[in-house]
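Next come the chains, spelled out residue by residue.
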Amino acid sequence: MAAASSSDSDSGRAESSEASSKWLDAHYDPMANIHTFSACLELADLHGDGEYKLVVGDLGPGGQQPRLKVLKGPTVLSESPLPALPAAAATFLMEQHEPRTPALALASGPCVYVYKNLRPYFKFTLPQLPPNPLEQDLWNQAKEDRIDPLTLKEMLEGIREKAEVPLSVQSLRFLQLELSEMEAFVNQHKSKSIRRQTVITTMTTLKKNLADEDAVSCLVLGTENKELLVLDPEAFTVLAKMSLPSVPVFLEASGQFDVEFRLAAACRNGNIYMLRRDSKRPKYCIELSAQPVGLVRVHKVLVVGSNQDSLHGFTHKGKRLWTVQMPAAILTMNLLEQRSRGLQAVMAGLANGEVRIYRDKALLSVVRTPDAVTSLCFGRYGREDHTLVMTTRGGGLIIKILKRTAVFVEGGGEAGPPPAQAMKLNMPRKTRLYVDQTLREREAGTAMHRAFQADLHLLRLRAARASVQALESSLSPVSATAREPLKLHAVVQGLGPTFKLTLHLQNTSTARPILGLLVCFLYNEGLYALPRAFFKVPLLVPGLNYPLETFVESLSDKGISDIIKVLVLREGQNAPLLSAHISMPGTRVQALVWEDPTCRGATGPVSHNY
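Residues numbered from 1 in each chain as written. Predicted model: local features only at pLDDT ≥ 70, side-chain atom pairs only at ≥ 80, totals over all residues. Heavy atoms only, no water.

Enquirer: Describe helix α2 (residues 133-143), naming the residues involved and giving the relevant values.
Expert: Buried within α2 are the following residues: Glu135, Leu138, Trp139, Gln141 and Ala142. Viewed end-on, α2 has its buried residues packed into an arc of 155 degrees, placing them on one side of the element. In this structure, the buried side of α2 is in contact with α3 (149-162), α4 (169-175) and α5 (179-189). (Buried < 20%, exposed > 50% of the residue type's maximum accessible area, 1.4 Å probe, protein only. Helix = DSSP H or I, 4+ residues; strand = E, 2+ residues; numbered from the N terminus. Arc of directions from axis to C-beta. Contact = heavy atoms within 4.5 Å.)

Shown next, in the form of structure tokens:
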């Protein structure tokens, strides 16, 4: 035990020393009073001057009002109050005109607040939903004083339990009141119309028509109403609307809206749904065994963190590629992208105070923090290209800078791809014949494909005709009728000129015996002779194998062989039940036997076939 503990401590010190050699500690403030999660953390060049700032949608714990904070370095540059809890923050380019200043979008409640140069620019509100008609009728009756507040409460509670359409905020607030406060609430709100408003649960960006880094992007919103909305970046109108079976909580987008795109939505029912362009409903579904706590797209792999302390890698069609077990619960996830080295990895903040960085299932680095990390992001901050910003559970702020000489090496005991996979194959040079054939296939590809399809269909037609002919003429060794379930195969033994022919006949039915069968042999009488060419078959008990033996004598002294046909018949029927064609072997042994010259008057060797 002591040896094991010492080895664990040594490995922990090795990992921490390796991480410290890659990262520079730029700033740590345990009293920064920042409480947020990764979706509300964003690094952006808000003024277009190349100075990247940190945007934080602060939740405002302890009864405080939520706030939008902008940090420059370790100091807070500006703060502004928010009317509701923030759901996500994103930066995007709205137009191609100069100056190319990105806009900041912050989703809060039913609205998206858009800022340019840290000033309010536009407010988008989700379209209202139709109210419950029964609820509307009850409030109309209350407006006309036809029902009292107590009856209104009882009927609204019945609607909430049974109706598929949820109640409005006005009705939900009414149901929370005491009996003495109900009448005043009804008198205050009975003249107002019923409004049912949904809220935003998640948000991301999607390139509109170009894949460039500085291209115009659309906002993609996930709502509590189980819908995905794609907004136009200039007019802020709804370009596309898609439905989901459950409420989305995490979103990942790839591609361009005007060309082709994919959306991956992790929902509250524990499933991940894949949507493509022009699809109103999900195309693929990934069923998870636990609730998702994070979703990150690394190249073409979807990395999902679950509340079972594990990371999973999936393709866009739902095939599971790998699974990695974590030493503690996963609190947050985000993408680490180092464009100078072409590296994309996933960062996972754990409850034990570790931040683990994985490329596929290979562990690249472990960063230890004084407190559990609840949000993190990686990117350009200030003038540094590779900065890791983390906030802790206690409200602290940690900023680390990746060294320019740092190189991530697969390690940590995780199995990765074999080294032979990275070796370059010694491919042969392209010959002139190969180039000519490639050009020919490129020019006549359509005609070649049609000829191949025609030959394939012709082959299938001939095979089907041969199969039908074999069934109609009983050429198969297995009976095709359910009334006579029989099976036949033959064995030829011997070197010649006399062969032993054994027919194995079996009744394949489960309980019904078969009686009244005949066996007939058809052969060339000039080549073969059989003692019995026609005989009766005894009663066939189901499941037993009956060997029927006979002898065949070859009459040819030149080694000529032929086919013997075996027919299984039923008395009173002219069509055979079964048939088999037996290819007889030629005579293999030919010996020269010297006889006495005085015997039979022979004066030379005599040839005999055996």
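Enquirer: I'd like to hear about the packing of α2 against α3, residue by residue, with values.
Expert: For any two helices packed against each other, one specifies the inter-axial angle together with the distance between the axes. Viewed as axis vectors pointing N to C, α2 and α3 meet at an angle of 175 degrees, and their least axial separation amounts to 10 Å. By the angle class used here, α2 and α3 are roughly antiparallel. From α2, Leu134, Glu135, Leu138, Trp139 and Ala142 reach across to α3, where they touch Leu152, Met155, Leu156 and Ile159. (Axes fitted to C-alpha atoms, helices over the stretch in contact; angles between N-to-C directions. Parallel < 35°, antiparallel > 145°, perpendicular 65-115°, else oblique.)

Enquirer: Can you lay out the sheet that holds strand β18 (residues 292-298) for me, pointing to particular residues and giving the numbers?
Expert: The strand order across the open sheet built from four strands is β18-β19-β20-β21, with neighbouring strands paired in antiparallel fashion. In this open sheet, the two edge strands, each paired with only one partner strand, are β18 and β21 (320-325). Looking at each pair of strands side by side, their axes are set apart by 20 degrees on average, direction ignored. Looking at chain direction, strand β19 (residues 301-306) and strand β20 (residues 310-314) are connected through five bridges and run antiparallel. If you follow Ser306 over to β20, its bridge partner there is Ser310. (Pairing = 2+ DSSP bridges.)

Enquirer: Break down the confidence of the model for the protein chain for me, with residues and values.
Expert: Mean pLDDT over the protein chain works out to 81, with 88% of the residues at or above the 70 mark. Within the model, pLDDT remains below 50 along residues 590-610, and this stretch shows 31 contacts once partners closer than five positions in the same chain are excluded. (pLDDT = per-residue confidence, 0-100.)

Enquirer: Just give me the short version of the nonpolar core, but keep the residues and values in it.
Expert: Ranked by size, the top nonpolar core spans 27 residues in total, and within it Leu486, Leu488, Leu503, Leu517, Val519, Phe521 and Leu540 carry the most contacts. Counting residues per element, the ones that place at least two in this core are β29 (486-493), β30 (498-507), β31 (517-522), β33 (534-537), β34 (545-554), β35 (563-570) and β36 (578-583). The greatest single-element share of this core, amounting to four residues, is contributed by β30. Those residues in contact with Leu503, other than ones at most four positions away along the chain, are Leu488, His489, Ala490, Val519, Phe521, Tyr546, Pro547, Leu548, Val566 and Ile582. (Core = buried A, V, L, I, M, F, W, Y, C linked by side-chain atoms within 4.5 Å.)

Enquirer: Talk me through the layout of surface pockets; I want residue IDs and the actual numbers.
Expert: In this structure, the second largest pocket occupies an estimated 460 Å³ of space. Lining the second largest pocket are 18 residues, and of these Val169, Gln170, Arg173, Arg195 and Gln197 lie nearest its centre. Contributions of two or more residues to the lining of the second largest pocket are made by α4 and α5. For the lining of the second largest pocket, the element with the most residues is α4, which contributes three residues. (1 Å grid on protein atoms, 1.4 Å probe; cavity = no way out; pocket = protein on both sides within 12 Å on 5 of 7 lines; lining within 4 Å. Points joined across faces, edges and corners; volume = space filled by probe spheres on them.)

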